[in-house]
Amino acid sequence: AAKLVGETLNMTRVTNHKGSIHYDDLWNVKYLRGFKWSHLTEKVAYERRVREQKLRVEMMEVRRENAAYVAQVEAGKRLDYIEERRRKRGDKEGGGTKEDTVGIAKKKRKIRQKKPFEGDKSSTKSAILGSLV
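Below: a short report on this structure.

### Details of the overall build of the chain
Okay, so step 1: For the chain, the count of helices and strands is four helices and zero strands.
Okay, so step 2: Ordered by position from the N terminus, the helices and strands of the chain form the series α-α-α-α.
Okay, so step 3: Out of the 133 residues belonging to the chain, those deemed buried represent 5%.
Okay, so step 4: In the chain, of all internal contacts separated by at least 6 residues, the share reaching a separation of at least 24 is 10%.
Okay, so step 5: In the structure as shown, the chain presents an accessible area of about 13,300 Å², 56% of it carried by carbon and sulfur atoms.

### Looking at the pattern of salt bridges
Okay, so step 1: Counted by the stated rule, this structure contains two salt bridges.
Okay, so step 2: In this structure, Glu83 engages Arg87 in a salt bridge whose closest nitrogen and oxygen atoms are separated by 2.8 Å. Residue Glu83 and its partner Arg87 are both found in helix α2 (residues 37-94); the two are separated by four residues, about one turn of the helix.
Okay, so step 3: Taking the relative accessible area as the measure of exposure, Glu83 reaches 19% and is therefore buried.
Okay, so step 4: Note that Arg87 is salt-bridged to Glu84, the shortest N-O span being 3.0 Å. Placement of the pair is Arg87 and Glu84 together in helix α2, with a separation of three residues, close to one helical turn.

### Some remarks on the environment of Leu32
Okay, so step 1: Inspection of the secondary structure assignment puts Leu32 in the loop between α1 (2-9) and α2.
Okay, so step 2: We classify Leu32 as partly exposed; its relative accessible area is 46%.
Okay, so step 3: Considered as a pair, Leu32 and Ala2 are 30 residues apart in the sequence and their alpha carbons are 9.3 Å apart.

About the cut-offs
- Residues numbered from 1 in each chain as written.
- Predicted model: local features only at pLDDT ≥ 70, side-chain atom pairs only at ≥ 80, totals over all residues.
- Heavy atoms only, no water.
- Helix = DSSP H or I, 4+ residues; strand = E, 2+ residues; numbered from the N terminus.
- Buried < 20%, exposed > 50% of the residue type's maximum accessible area, 1.4 Å probe, protein only.
- Contact = heavy atoms within 4.5 Å.
- Areas by Shrake-Rupley, 256 points an atom, 1.4 Å probe, with all protein chains shown as cover.
- Salt bridge = Lys/Arg side-chain N within 4 Å of Asp/Glu carboxyl O.

Have a look at this one:
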């Protein structure tokens with residue numbers, strides 16, 4: 001019965017009324033042997049779960065970025081507060097010059113970097129290959 005309905009409706013007009021907006025639309029129906037409705041609902045449910053999972057991952061990433069930003073802002077506020085206290089303390093202790101207070105306020109931070117290995121290129125390659133094998 002379903003096969004007959006599929007053959008009958010395929011490539012026929014949706015409606016025969018010329019005034020209808022669906023007058024030029026055609027049915028495109030194909031009988032799929034062994035296809036069950038549950039197959040379609042499983043696929044839709046799977047796609048919905050994947051979309052929700054992607055949304056959850058994206059929301060977690062946004063929360064993490066937001067938390068990092070808030071932490072940076074708070075750290076900046078703390079450093080500003082410390083700088084303000086040092087400036088006030090400098091004013092109370094003897095009215096240091098402006099250069100002194102700026103020097104105290106702006107603290108340079110050093111970043112340590114690993115030094116590159118300087119040696120014979122052939123021995124470097126053999127040492128790396130030897131450690132891998």
